[in-house]
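One-letter residues, chain by chain:
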Amino acid sequence: MTNAQIPDKPALEGLEQKWDRNWSAAGTYLFDRDAATAKGRAGVFSVDTPPPTASGSLHIGHVFSYTHTDVKVRFERMSGKTVFYPMGWDDNGLPTERRVQNYYGVRCDTSLPYDPDFTPPFRGDAKSLKPADQVPISRRNFIALCEELTLEDEKQFEDLFRKLGLSVDWTQTYRTISDDTIRTSQLAFLRNLERGEAYQAMAPTLWDIDFRSAIAQAELEDRDQQASYHRVAFAKTDGSGDIHIETTRPELLPACVALVANPDDERYQPYFGKTVRTPLFDVEVPVLAHPLAQQDKGTGIAMICTFGDVTDIIWWRELDLPNRTILGKDGRVLADAPDAIETDTARAAYAELAGKTVFSAKKRVVELLGESGALLEVSKPFTHPVKFYEKGDRPLEIVSTRQWYLRNGARDAELRDKLIEMGRGMGWHPDFMRVRYENWTNGLTGDWLVSRQRFFGVPIPVWYALDENGERDYDRVLTPDVSRLPVDPTTDVPDGYTEDQRGVPGGFDAEKDIFDTWATSSLTPQLAGGWQRDDELWDLVAPFDVRPQGQDIIRTWLFSTMVRSVLEDGRAPWTDAAISGFIVDPDRKKMSKSKGNVVTPADILDAHGTDAVRYWAASSRLGADAAFDPQNPTQVKIGRRLAIKVLNAAKFVLSFPVPSGARVTRTLDASMLATLDHVVRDATKAFESFDHARALEITEAFFWTFCDDYLELVKERAYDRSDAGQASAALALRLALSTLLRLLAPILSFAAEEAWSWFEDGSVHTASWPEPLGIEGDPAVLRTVGEALIAVRRAKTEAKASQKTAVSSLTISGPAEAIAAVRSAEGDLAAVGRIADVSYADGDALTVTDIVLAPQEV
């Protein structure tokens, strides 16, 4: 838009829709492939943008962190880089399935056939339904509903991101469930498998009984739950008495495989290597030593069950104990007792538990223990942390399942050291976030569990040969040729087989599991950058320049992406990581859906305008938490005031035409521009260092000085075309406006574009980043003359006189350099202050005294 008409009353309302349309029509933010090719990799700035989970609504935290990224992107674009700024949608996984169940009132039943005419019973009002009341549908019908709902969510997300002014190239988008994505994810896995980095094993697995799926370590969170200690007597096998243990999980007594105490605990050293018998189930188990046993917890000796918690898994593995799992994938006690339970009485006791939930089984075991006399005491209830799936509603159980794993350095010191080394070679903003990455990497207890027993996701691309009995031969894993990808093993057939051999002896069986969503999201650089699909693009953008994200997913998204990149390419996937802080409520509590204190951004954007919200976000440094009070968003209001002032100041400046051949000749004008040069240098350095908050702080401070002091000081001269200094003022104002709009454009994207369109061609967002003008001047002049002007205004205010009241005389005192500065702009000061006579005197500091106001007209 060239020299658009300046409105009589500039306003922020409507700018978002206006400029989004214009930017889309002009292709302002499109990735220029030809320009990128001409510049080479050094001329490209590529962003591994976080793909939001398309299973609900965006919240104010998205606005916060995505604005941080966009501010940096806009700066790099204006600095001459060809920007690759894609957007992805993370639409597969458990959250999507849960949303589909709650939205449509359905659940997946893999035994059912596809119904091409199926119509869901609800659309948006089924959350209160119990699982048993949800309509069972086929896997194919269920996936179709997942795709339908995520597409609708993605449209809403894009609309909000456009309103937020994200300068994303909307032609460069991807979904984590598309054919291209499935191909990339499956290809990366097959390469991991070929190199021995992927493997499967039968092992204890953290299991969510509602989602009926394995859960990885990175997806865990602790929640406080009530429990009680049950003191239980184990009889010594030699008949010499009892050993007392305390447990919160008495229902796992049938799964007990040992007792364990600390090797330094003198109370139990005499019993190490001996055995006891479990109450009720009469199984002989050893008493063993392990340093993880806590001497000061309970009685100092614990029972090891397969499996009560993560520590049980460690003890089981390191002490080489048997597996007596009694819980099934539905969270109920299995029908068949472990082989070690042999006596009729013990089997009868177990039969009373079979089929019960954990809660019911615990109640019955406690009753049986009480009847037997083995229950000595039950403590008062207390709270303790229990493992949950971060999106689940019930505590996790541990069951034994066969799963797929990816090596992540937990059991490979060389790989772990490589991951640490790659992290240290990156730039972290702020730097302390690197420590969180290293702590997570060093604290891993097992390899990355990547398989899930769900429906909507990327299929694991393998089959299994069946032996003569129709059993899977796990040593004969069948994989597809990469040219066939993507594949779905449940419908596709492995090479060398036919469909009629599916599930029959000597034939094949499909892997029905899908990948954990992070196993695909860990490939976002590859998905967006054309890895193994567009080699030229990949070479232009990889490794990416920045990974922006929240601090809470360093352990998941950042770490997993690093793992995939190091395994595949031996390098970090980005040069820098920009980590945003949390949004907290007025009580400084983190905003989250589970706490019910999340703020949706649409109303805030409507009420205050996008630039105001972007200002609030950009005011916070990376890594710092930001408080947000939707009832009184002070910082947002300050941002709105600034955006409106930008429009009004631009209109005022543009009211002064710049004569042909104008030059900056006045000291005050030169000093203002010299001051602005310092602002440009400092703001540029801050933006380059990912410190957008500092860049805003520097620029905003100057902008208000420019408006409150400089504009006031020169407006009389700028209006007066007969004044020899008019051209100097008009030119200085125009140069400053051009520079300020470009400095503010990354943050106040709409107001800056609107004002720019009033006097410049093209978009401010593709204009060059400002360079220092190099006009010689002393920045102290503007500051000193501004202080004098403020003193004059203050005197008039205290006298309750109009600012237009004339000043008959005044005295300005100060050091020689301050007096010289004022004298150099005396005409401007006198004009705006209506000052008739100025006297000067020596002094230690600049002061304005002896102000005599002319009589005011009645």
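To keep things clear, this report deals only with the structure shown in the data block. (Residues numbered from 1 in each chain as written. Predicted model: local features only at pLDDT ≥ 70, side-chain atom pairs only at ≥ 80, totals over all residues. Heavy atoms only, no water.)

One pass over the structure, following the stated rule, counts 54 salt bridges. With a shortest N-O distance of 2.8 Å, Lys 18 and Glu 754 are connected by a salt bridge. Of the two residues, Lys 18 sits in helix α1 (residues 15–26) while Glu 754 sits in helix α22 (residues 749–757), which places them 736 residues apart along the sequence. By relative accessible area, which is 21% here, Lys 18 ends up partly exposed. As a salt-bridge pair, Glu 197 and Arg 195 come within 2.9 Å of each other at their nearest N and O atoms. With a relative accessible area of 37%, Arg 195 lands in the partly exposed category. Three or more residues joined by partner-sharing salt bridges are found here, namely Arg 191, Arg 195, Glu 197 and Glu 568. (Salt bridge = Lys/Arg side-chain N within 4 Å of Asp/Glu carboxyl O. Helix = DSSP H or I, 4+ residues; strand = E, 2+ residues; numbered from the N terminus. Buried < 20%, exposed > 50% of the residue type's maximum accessible area, 1.4 Å probe, protein only.)

Along its 25 residues, helix α5 (residues 139–163) runs 36 Å from first to last C-alpha, staying within 8% of the 36 Å computed at 1.5 Å per residue. Backbone geometry just after α5 places Gly 165 at a positive phi near 85 degrees. (Expected span 1.5 Å × (residues − 1).)

Right, let's talk about the packing of aromatic side chains for a bit. For any two aromatic rings, the description comes down to two numbers: the centre-to-centre distance and the angle of the planes. Going through the model one piece at a time under the given rule, you end up with 32 aromatic pairs. Here the aromatic rings of Phe 189 and Trp 404 are separated by 5.4 Å at their centres, their planes lie at 85 degrees, and the arrangement is edge-to-face. Within this pair, whereas Phe 189 is found in helix α6 (residues 179–194), its partner Trp 404 is found in strand β18 (residues 397–406), the two being separated by 215 residues in sequence. Of the residues examined, Phe 189 reaches a relative accessible area of 3% and is grouped as buried. Judged by centre distance (5.4 Å) and plane angle (90 degrees), the ring pair of Phe 687 and Trp 769 falls under edge-to-face. With a gap of 82 residues between them, Phe 687 in helix α19 (residues 667–688) and Trp 769 in the loop between α22 and α23 (779–798) connect regions that are remote in the sequence. A network of ring pairs unites the aromatic residues Tyr 66, Trp 89, Phe 157, Phe 161 and Trp 170 as a single cluster. In this structure, Lys 72 is placed above the aromatic ring of Phe 690, and the distance from its NZ or CZ to the ring centre is 4.2 Å. (Phe/Tyr/Trp six-rings, centres within 6.5 Å; stacked < 30°, edge-to-face > 60°. Lys NZ or Arg CZ within 6 Å of the ring centre and 35° of its normal.)

These figures capture arrangement, not role.
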